[in-house]
Structures are given as structure tokens and as C-alpha cells.
Amino acid sequence: MRVIRGLHNLRDEGRGCVATIGNFDGVHRGHRAILEQCREQAARLGLPVTVVVFEPQPREFFAGAQAPPRLTRLRDKVALLGECGVDRILCLPFNDALRSLTAGEFIDRVLIDGLGVRHLVVGDDFRFGCDRRGDFHLLTEVGQARGFGVEHTRTFTIADERVSSTRVRTLLASGNFAAAARLLGRPYRLGGRVVPDRQLGRTIGVPTANLPQPTHALALQGVYAVVTELSDGRRRNGVANIGWRPTVGSERPVLEVHLFDFEGDLYGERLTVLPCAKLRGEVKFAHFEALKAQIRADLARARDYFRRHPTDGADGLQHPAAGADFLQHPAAGAQLAAASVGDTHDDSLPLASAPLAREAVTSDSSAGEPADHDDG
């Protein structure tokens, strides 16, 4: 798969494709249904599939800190799109120059002169252009005149509910990781590279791996029981704090994770963290001693959670228990049939359908209100 940054990097030999346009934040099952439509047309026409995305995402450009939190970083989005069979990703910088294009200019410069699009798959509510004239009807008219087909996306639903990035954010903020996984087609995950920090955790016998997070809004914030996957594929249960560490302070959001029963140097390693249950919200304590006591309580609660919902069943399967659902890889008899493209995890995860305590909801006001419409 090729990632093309900016129209100026398009080459004539790469023109001609089946394309779709969007944020594709989270690359959830609704997005995958769109990509399947693209692959069907690409196979019929003998052309590559191209996805057009924007960086930053348009709502981030216009709304800044008030934009909805991202589900996936650009690098993770690129990897997930590649796993879905995308051949090329055109990443356009969303800036004043791009936002100033009229609908007609966008069609000419990006779709026709840039990509040489032969077939376009977009939502029938898709809007674009500074003149607000760009919509599905205009694309259809221009396509008929300029020789490319236009097809609207099929709505993808689960249990009669439309799958959207907004819905996934809402489920994550509410601590319903099981339902979020059903919409994503995989467990929600975060990650990053471990960097040195102040090492305060070592002073109380709770060393943490610190993974700086992007400075935009976070989809999760608080303390969670997690499963962490190391770069060599090993997994460890543990506890993670996601946020701004209000008691000790932080210049940028951090994911810091403590791995149970682990010894070793993780500096420089890239870790994948899979939240399973929300323990509590992020709270500013009056002094460090109070924080230490709470950390001990968090560790005990997380160990108890994994004791009651083990990640490795004796028969290789998980057995449902109160307060948690279980996601398994389809090849192992998962409850999510055909849900996961590129999901390489064959171990079951005990994903909670609600926070472990009411306090986990009421103490965290930082998650914010979900957007009232989908921006994915």
C-alpha cells in the first residue's frame, strides 16, 4: 500500500482508481463495509482502491480543542486501512488553501486531474466545497458528464443501530468496551513508544511505562484495567492511567501503564494497550500520599477483575460472567462473526460492558459530551 501526502506527490502513472473520501476515524465496521463496496467496483474495473483522508480532520481544523476526540492516530488508521485491502491513501493537508476550494475546483483538482477517478463511493449526505454546493447530486451530474460513476454508501447497522465513529466514542466514554468492540470489529486499543519520565511510580514500587499521547482530545480518560501487548507479542495484565495526571501535573496527555508481575526495561519499545474495564475517573488528590493509597486500591481492584475474568481460560475459551463480555477472534469461535479484518489477536479479552463502579462515571468530567453527529 502506498501513502501519498498531498496532491503534488501524485504521478500520472498512478491515475485511475476507485475512490472514497472521509475521515475513517476508527476504521470501524461501517467503514469496512464502504471499503468492501470499493473493492467490488475495483475488481470489476481492474483498478486500485484509493482512500482520500484529511490531516488534520476538518472538524479539528474548524473546532480546534472542541473537536471530537480521535479514535485512531494517522499511523494506526493507515495500518488498518491497509489491512482492509486499500491500495493507496491520499492524505490531503486540510488548510486554508484546501478549505477555500469551491466544490467544482475540488472535483477538478482532486478527483479528475489528481486521481483520475473512475468510480466514487460516498455517502448521500456528503458535503464539500467553500460554496457548499458540493453534494451527492452534483457529483452524480459531473460524473455523468466527465465519465466517472458515483455510488452512495450502504448504511451498516448492528441490531438496527447505525455504526458510526460518534457511537463508538460514546460507548468508550461510558465504559462499554464490549459494545465498542462489536462496532469496531476488534477491541479498542491505544499505543505508543515508551519514553523516560520522572519515574515517580518506582518510588512507591509501582513502575510505569509512559507513552505520550497526541495533544488533541482523548477518547478515554481515567484509570483502567488493561491488557498490554509487548513488541515481542507477550501480554501482561495491568493498570493504566490515561490523561493529564492532575495530582503531579503533565504538559501533555500521557498513557502510563503498570504491568503486573513484570521485570525488564521497556524504554524505546512500542506497546499496545487494550482497555478492558474502567476503574475510575481521573481525580486530583490533595497530596501524594492520598494518590499512593488510591493507586494501591486501583491495583487491587484490577487484579480482582482479572481474577474473576481471566484472560486465559483452561479450555482456550472464555465463559461469560456478570459485568463482562468476551471478544474472541473469529477463527476461535468468536461471538463477532466476520467482524475483524486484520485482527491478529487470538486470545480472549474480558471486555466490560459498564464501569466497575458508579464513581468511575461521576468522577471523570473530562470525557466530554459526544458529538451529536458522526464525523467518521
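Residues numbered from 1 in each chain as written. Predicted model: local features only at pLDDT ≥ 70, side-chain atom pairs only at ≥ 80, totals over all residues. Heavy atoms only, no water.

Now for the environment of Asp-124. Inspection of the secondary structure puts Asp-124 in the loop between strand S5 (117-122) and helix H6 (136-146). Note on Asp-124: relative accessible area 54%, which makes it exposed. Taking the C-alpha atoms as reference, Asp-124 lies 7.1 Å from Thr-153; in sequence the two are 29 residues apart. Once residues within four sequence positions are removed from consideration, Asp-124 is found in contact with Phe-136 and His-152. (Helix = DSSP H or I, 4+ residues; strand = E, 2+ residues; numbered from the N terminus. Buried < 20%, exposed > 50% of the residue type's maximum accessible area, 1.4 Å probe, protein only. Contact = heavy atoms within 4.5 Å.)

With that settled, the discussion passes to the pattern of salt bridges. A full pass over the atoms with the stated rule returns 15 salt bridges. We note a salt bridge from Arg-39 to Glu-36, for which the minimum N-O separation is 2.3 Å. Highlighted residues: Arg-39 and Glu-36, both in helix H1 (residues 29-45), separated by 3 residues, approximately one helical turn. With a shortest N-O distance of 3.2 Å, Glu-289 and Lys-292 are connected by a salt bridge. With a gap of 3 residues between them, Glu-289 and Lys-292 both fall in helix H9 (residues 288-308), about one helical turn apart. By relative accessible area, Glu-289 is classed as partly exposed at 49%. Shared partners join several salt bridges into a network, and the residues in it are Glu-55, Glu-60 and Arg-70. (Salt bridge = Lys/Arg side-chain N within 4 Å of Asp/Glu carboxyl O.)

A separate point is unusual backbone geometry. Here Glu-55 and Pro-56 are connected by a cis peptide whose omega angle stands at 0 degrees. Residue placement: Pro-56 occurs in the loop between strand S3 (49-55) and helix H2 (58-63). Phi at Val-27 is positive, roughly 45 degrees, even though this residue is not glycine. Summarising the element assignment, Val-27 is placed in the loop between strand S2 (17-21) and H1.

With that out of the way, let us pick up the confidence of the model for the chain. For the chain, the average pLDDT comes to 85, and 82% of its residues sit at 70 or higher. The model gives residues 313-322 a pLDDT under 50, and that stretch makes 15 contacts with residues more than four places away or in other chains. Contacts for the low-pLDDT stretch residues 328-347, under 50 throughout, to residues beyond four places or in other chains number 41 contacts. (pLDDT = per-residue confidence, 0-100.)

Let us look at the nonpolar core. Among the nonpolar cores identified, the biggest contains 49 residues, and Leu-172, Tyr-188, Leu-220, Val-257, Leu-266 and Leu-271 are the most heavily contacted of them. For this core, the element with the highest residue contribution is helix H8 (residues 177-184), accounting for 7 residues. Ignoring any residue separated from it by four or fewer positions in sequence, one finds Val-257 in contact with Pro-207, Thr-208, Ala-209, Leu-211, Val-226, Thr-228, Val-239, Ala-240, Leu-271 and Val-273. Core analysis: the second largest hydrophobic core is formed by 30 residues, Leu-10, Phe-54, Leu-139 and Val-142 among them. (Core = buried A, V, L, I, M, F, W, Y, C linked by side-chain atoms within 4.5 Å.)

What follows covers the sheet that holds S3. Strand order in this open sheet of 6 strands is S1-S4-S3-S2-S5-S6, and the pairing throughout is parallel. The sheet is open, and its two borders are formed by strand S1 (2-5) and strand S6 (149-152), each paired with just one other strand. Each strand axis lies, on average, 25 degrees off the axis of its neighbour in the sheet, ignoring direction. Note that S1 and strand S4 (residues 88-93) share 4 bridges and pair parallel. (Pairing = 2+ DSSP bridges. Axes fitted to C-alpha atoms, helices over the stretch in contact; angles between N-to-C directions.)

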